Amino acid sequence: MFRWLMVALCAAVFALPAAAAPPIEAYGRLPTLEQVLVSPDGTKLAYVRPEGESRKIVIQNLADGKILAGVGVGAEKLRDLLWVGNDHIAFSTSTTARVRSNSSSIDFVGRGEIAQTRVYDLTTRTFQLVLDKTPNTGNFTSGVQVRMSEGKPMLYAIGLRFSGVESYQSLFRVDVMGGPTRLLDSGPSVGDISTQWILDGAGANIARTEYDSKDGDWRLLVRAGVKWYPVLQEKAPLDPPWFAGLGPEPDTLLLGRLEEGREVYRPLSLITGKLGEPLDLKTGVRGFIFDSVTHRAIGLVENDVGSTMTFFAPADQAAWGKITRAFPGERVTLESWSDDRKQMVVRVQGPKTGAAYMFVDLAAGRASIVDDMQAGLGPDQLATPKMITYKAGD
């Protein structure tokens, strides 16, 4: 009887049909996770999990995998997600709504796309809406950054300040631990002029750019004491230069601009205002890699099919090489890392892994999967990325 049962089972196994191909919908689904961020101390993860048309921010403890919090975002567009220290998460969302200010003398007409930034406190499980209680200021933002200042993490936000009938793009420092919000600087009266600020690693606003979209006048200013002095000015009616980040060397910035139709990046001295030689970018650049503490550029992501990461310092390049060699024949890109760069999340795509987020702990010498990026699709069901270049007709 048992022999007959074993024969029957073997026959049934060999008679099983081949695994069914995944449904076409599996290829059209959004990734299971987005924006996977390691906390500065390397003990937690924050990531976005799509749920239909909505998004949910999940905070997870790395030691035991425990979910510490889940924050629903709803159907609003999630723009930014960043740690503010180890116990606060800031996120920006945008929606089409009527713009409101905290000034009774300002009345906006109509609706528009506005972004707001909220901070979630993991300890108290409470929210705060950035700039919501700041007098004569709109409770919306157009950019946020994080810096350590006065021994604690601070959120720096660009908002709109009102005085009478005039409005001014302004830089604020927000103490997420309950301290006051401070106005740091204001640009010219808002009209056709847009202002952006450049912070150093300690949160000092060392430079700013102003661009008049009507006249095409762009200029970079540096701060000396309480005054601003222009160090570089250009006429750019269509494509103004852009600030890519702090340069590798002290007192330098990375400035990007179009030269003969190509994106070119040059270091710019904040002391002399002079531009250096362009970076040698054979394949172009998708972005720069910045140190989490100094916020200076320490490498770049090349614009090739593998998004190759190249570090400026040989020691950093050697450390990254050890990580990529752990996934031979696969594409490895950095998603986020801790302040000391010992814990990190990388995206791995290839014939063995498929497509997944991996947590790498260099201090412990181990790697573990965070989640598949494309649920329901195995490695043999994902194509190898290829880059196609062509000359545009115009």
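Please refer to the structure higher up on the page.
Note that the structure is predicted; figures quoted are calculated from it, not measured.

Draft legend 1. Region of interest: the packing of aromatic side chains. Here the structure, examined in full by the defined rule, presents six aromatic pairs. Centroid distance tyrosine 120 to phenylalanine 127: 4.9 Å. Interplanar angle 50°. Geometry classified as tilted. On the basis of relative accessibility, which here comes to 6%, the residue tyrosine 120 falls in the buried class. Relative to tryptophan 320, the ring of phenylalanine 311 has its centre 6.2 Å away and its plane inclined at 50°; by these criteria the two rings are tilted. Of the two residues, phenylalanine 311 and tryptophan 320, neither departs from the other in class, the shared state being buried. Following the ring pairs from residue to residue traces out a cluster consisting of Phe91, Tyr120 and Phe127. Sitting over the face of the ring of tryptophan 337, arginine 341 holds its NZ or CZ atom 5.3 Å from the ring centroid.

Draft legend 2. Focus on the sheet that holds strand 21 (residues 297-302). Taking strand neighbours across the sheet as the criterion, the three strands line up as 20-21-22 in an open arrangement whose pairing is antiparallel. Of all strands in the sheet, those bounded by a partner on one side alone are strand 20 (285-290) and strand 22 (309-311). Each strand of the sheet is rotated relative to its neighbour by a mean of 25°, with strand direction disregarded. Across five bridges, strand 20 lies against strand 21 in antiparallel orientation. Along strand 21, the bridge assignment pairs phenylalanine 288 with leucine 300.

Rules behind the numbers
- Residues numbered from 1 in each chain as written.
- Predicted model: local features only at pLDDT ≥ 70, side-chain atom pairs only at ≥ 80, totals over all residues.
- Heavy atoms only, no water.
- Phe/Tyr/Trp six-rings, centres within 6.5 Å; stacked < 30°, edge-to-face > 60°.
- Buried < 20%, exposed > 50% of the residue type's maximum accessible area, 1.4 Å probe, protein only.
- Lys NZ or Arg CZ within 6 Å of the ring centre and 35° of its normal.
- Pairing = 2+ DSSP bridges.
- Helix = DSSP H or I, 4+ residues; strand = E, 2+ residues; numbered from the N terminus.
- Axes fitted to C-alpha atoms, helices over the stretch in contact; angles between N-to-C directions.

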